[in-house]
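# Close look at the chain arrangement
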Amino acid sequence: MTDAQKTAADTTLRAAGDSPPDPRPAPVPLLEPREGIPPVTATDEALAEVVAAFAAGTGPVAVDAERASGYRYGQRAYLVQLRREGAGSVLIDPVGCPDLSALGEAIGDAEWVLHAATQDLPCLRDIGMVPTRLFDTELAGRLAGFARVGLGAMVENVLGFALEKGHSAVDWSTRPLPEPWLRYAALDVELLVDLRDALEEELTQQGKLEWARQEFAAIAAAPPPPPRKDPWRRTSGMHKVRRRRQMAVVRELWTARDQVAQRRDVSPGKVLGDAAIVEAALSLPPNSHALAGLPGFGHRMGRRQLEQWQAAVDRARALPESELPQPGQPLNGPPPPRAWADKDPAAAARLSAARAAVTALAESLNLPQENLITPDTVRRLCWEPPAEPTRESVAEVLSGHGARPWQIEQVAPILTEALLTDAG
């Protein structure tokens, strides 16, 4: 970190336990690339030079990735940005260089610094880059009690520099990438390690650094998430669809849309909107002419497309009752909390006491409730508590649900007390 950056960080970081700093009233300087915009690495020869440079570099590695969400099918990376002391900043095109495993090996066990790591790790894993250690600056900001934890807000509040805005939601699959976009991408890793160092100091002052380390280790060790079961049930507006035959229409249209989107490599929403799928499910149109009269289908949609969607509706209409989807997903865990008062008043009382205790403790520790302990873990504990609620038995249940040691240490006492709440 330069002297100017250290001065800015010192003046903006708060003392341990104070409220997060307010946004600066005076204009802050716009961050400029220290070495200019690096050329995009898109060939094996250029990648080999990058691998050598990062292997020779020192210290943590700032890492970021850009996807084309909303434009392309899936969540693949279309640009990877890295920066390391001794190697500078690089921009890599994963389309031209689809295998970055050699770069991952060159970095070795160095600490990766990412912002909102869980968003980027899946697409980085797909191109051969998997960290063994990491530092998540967004999560660090949450644990430290910052109200605004976006990268731009964190860099401005902690380091005193403004990041350029406006290109986060562009189509990163565009080739060639415009220079303003590349500039934006390079700046995303420019001060990431500096931000990491300042946040580490802040967490140390607050006595939360070990908490953060446990969280980072859990993220690095987490396996890839399993495929979603019945992803069509997540269609926006699905709550309006009540009858099983209508649910079958959603399922058939969602599946047909997904196949088209994957074949064309475009976002499913650009093929057919969720609202149109729900309209068709509610209306059950008997033919493509009727389908064309529904919102989302008529305007500028060709005859072949209409016939394609009507065929999906017809498949759902022809299904025997035994093959229709069941309402709701099979529950894996407790029922929705709104049903607890009728199903199990004692469990409802436990949950109410537990929620109040977690809220109060999170406020006293100056961090979000969901980072102190996940709401799902609290619900599961309150629905099926240990036979004899003690700190030890509660700690065992929390650990079984994936709670980290620091979380268990903080919440086991208050949750044990909540489990002893009388419903009367």
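Heads up: the structure comes first, above all this text.
The sections below set out a description of the structure shown in this document. Computed from a predicted structure; not experimentally measured.

### Observations regarding the overall build of the protein chain
- Along the backbone of the protein chain there are 20 helices and six strands.
- In terms of overall dimensions, the protein chain has a C-alpha envelope of 70 × 65 × 45 Å along the principal axes.
- Looking at the protein chain residue by residue over its 424 residues, the buried ones come to 46%.
- Here the analysis covers contacts within the protein chain between residues at least 6 apart in sequence; of these, 68% occur between residues at least 24 apart.
- On the protein chain, roughly 20900 Å² of surface is accessible, and the fraction owed to carbon and sulfur atoms is 51%.
- Averaging the positions of the 46 positive and the 56 negative side-chain charges in the protein chain gives two centres separated by 10 Å.

### Looking at the nonpolar core
- Judged by nonpolar contacts, the single largest core of 81 residues is most densely connected at Leu82, Ile92, Leu100, Leu103, Leu124 and Leu398.
- Beyond its immediate chain neighbours, meaning those up to four positions away, Leu398 contacts Ile373, Thr377, Leu381, Ala403, Ile408, Val411, Ala412 and Leu415.
- Within the second largest apolar cluster, 32 residues are counted, among which are Ala276, Ala281, Leu306 and Ala312.

### Quick word on helix α19 (residues 391-400)
- Taken residue by residue, α19 has Ser393, Val394, Ala395 and Leu398 as its buried positions.
- Looking one or two places after α19, you find Gly402, whose phi comes out positive at around 95 degrees.

### Side note on the layout of surface pockets
- Quantified by volume, the largest pocket comes out at close to 890 Å³.
- Contributing to the lining of the largest pocket are 26 residues, with Tyr73, Gly74, Gln75, Arg228 and Trp254 lying nearest its centre.
- Among the elements of the structure, α4 (117-126), α10 (244-264) and α11 (268-271) are those that each provide at least two residues to the lining of the largest pocket.
- Top element by residues in the lining of the largest pocket is α4. It accounts for four residues.
- In terms of residue class, the lining of the largest pocket is made up of ten nonpolar, seven polar and nine charged.

### Observations regarding the sheet that holds strand β3 (residues 77-85)
- Ordered in space as β1-β4-β3-β2-β5-β6, the six strands form an open sheet in which the pairing is mixed. Only two strands of the sheet have a single partner each, and these edge strands are β1 (40-41) and β6 (133-136).
- Where strand β2 (residues 58-67) and β3 come together, eight bridges link them in antiparallel fashion. Bridged to Ala62 within β3 is Arg83.

### Section: the pattern of salt bridges
- In this structure the tally under the stated criterion is 17 salt bridges.
- The salt bridge involving Glu252 is made with Arg315; its shortest N-O contact spans 3.1 Å. Here Arg315 lies in helix α14 (residues 303-318) and Glu252 lies in helix α10, a separation of 63 residues in the sequence.
- Taken together, the shared-partner salt bridges in this structure form one network comprising Glu111, Arg196, Asp197 and Glu200.

### Side note on the packing of aromatic side chains
- Considering all chains together, one arrives at five aromatic pairs under this definition.
- We note Arg76 situated over the ring of Tyr78; from NZ or CZ to the ring centre the distance is 4.8 Å.

### As for the pairing of β2
- With seven of ten residues buried, β2 is to be regarded as a mostly interior element.
- Relative to strand β5 (residues 111-114), β2 runs parallel, the two being bridged by two bridges. The residue of β5 that forms the bridge with Val61 is Trp112.

### Structural notes on empty space enclosed by the protein
- Taken as a whole and assessed by the stated rule, the structure comprises one cavity of 30 Å³ or more.
- Each pocket or cavity is described by its volume, and for the largest cavity that value is around 40 Å³.

### Structural notes on the pairing of β6
- Where β5 meets β6, four bridges bridge the pair, whose relative direction is parallel. Bridge assignment links Trp112 to a residue of β6, and that residue is Leu134.
- Regarding the hand of the β-α-β motif, the stretch spanning β5, α4 and β6 is right-handed.

### A closer look at the environment of Ala280
- You can see Ala280 is positioned in helix α12 (residues 274-283).
- Put simply, Ala280 and Gln410 are 130 residues apart on the chain and 50 Å apart in space, counted from C-alpha to C-alpha.
- In this structure Ala280 touches Val249, Leu253, Pro285, Leu291, Leu294 and Phe297, once residues within four positions along its chain are discounted.

### So, the packing of helix α16 (residues 345-365) against helix α18 (residues 375-383)
- Two elements in contact, α16 and α18, have axes separated by 9 Å at closest approach and are oriented at 145 degrees. Two packed elements cross with a definite hand, and for α16 against α18 that hand is right-handed. Residues Ala347, Arg350, Leu351, Ala354, Arg355 and Val358 of α16 touch α18, and the partners they reach there are Val378, Arg379, Cys382 and Trp383.
- Its residues assigned to classes, the contact of α16 with α18 comprises seven nonpolar, no polar and three charged.

### Quick look at the side chain of Glu252
- We classify Glu252 as buried; its relative accessible area is 18%.
- Apart from the residues lying within four places of it in its own chain, the contact partners of Glu252 are Ala312, Arg315 and Ala316.

### Looking at the side chain of His115
- Its location among the elements puts His115 in the loop between β5 and α4.
- At a separation of 2.8 Å, a polar atom in the side chain of His115 contacts the main-chain carbonyl oxygen of Val149.
- A distance of 3.2 Å separates a polar atom in the side chain of His115 from the backbone nitrogen of Leu151.
- If sequence neighbours within four positions are ignored, His115 has contacts with Asp120, Asp136, Thr137, Glu138, Val149, Gly150, Leu151, Met154 and Leu192.

Parameters at a glance
- Residues numbered from 1 in each chain as written.
- Predicted model: local features only at pLDDT ≥ 70, side-chain atom pairs only at ≥ 80, totals over all residues.
- Heavy atoms only, no water.
- Helix = DSSP H or I, 4+ residues; strand = E, 2+ residues; numbered from the N terminus.
- Buried < 20%, exposed > 50% of the residue type's maximum accessible area, 1.4 Å probe, protein only.
- Contact = heavy atoms within 4.5 Å.
- Areas by Shrake-Rupley, 256 points an atom, 1.4 Å probe, with all protein chains shown as cover.
- Lys, Arg positive; Asp, Glu negative; His and termini not counted.
- Charge placed at Lys NZ, Arg CZ, Asp CG, Glu CD.
- Core = buried A, V, L, I, M, F, W, Y, C linked by side-chain atoms within 4.5 Å.
- 1 Å grid on protein atoms, 1.4 Å probe; cavity = no way out; pocket = protein on both sides within 12 Å on 5 of 7 lines; lining within 4 Å.
- Points joined across faces, edges and corners; volume = space filled by probe spheres on them.
- Nonpolar A, V, L, I, M, F, W, Y, C, P; charged D, E, K, R; others polar.
- Pairing = 2+ DSSP bridges.
- Salt bridge = Lys/Arg side-chain N within 4 Å of Asp/Glu carboxyl O.
- Phe/Tyr/Trp six-rings, centres within 6.5 Å; stacked < 30°, edge-to-face > 60°.
- Lys NZ or Arg CZ within 6 Å of the ring centre and 35° of its normal.
- Right-handed = clockwise from strand over helix to strand, strands pointing away.
- Axes fitted to C-alpha atoms, helices over the stretch in contact; angles between N-to-C directions.
- Left-handed = near helix turned anticlockwise from the far one by under 90°.
- Polar contact = N/O pair within 3.5 Å; in protein donor to acceptor, adjacent residues only side chain to side chain.

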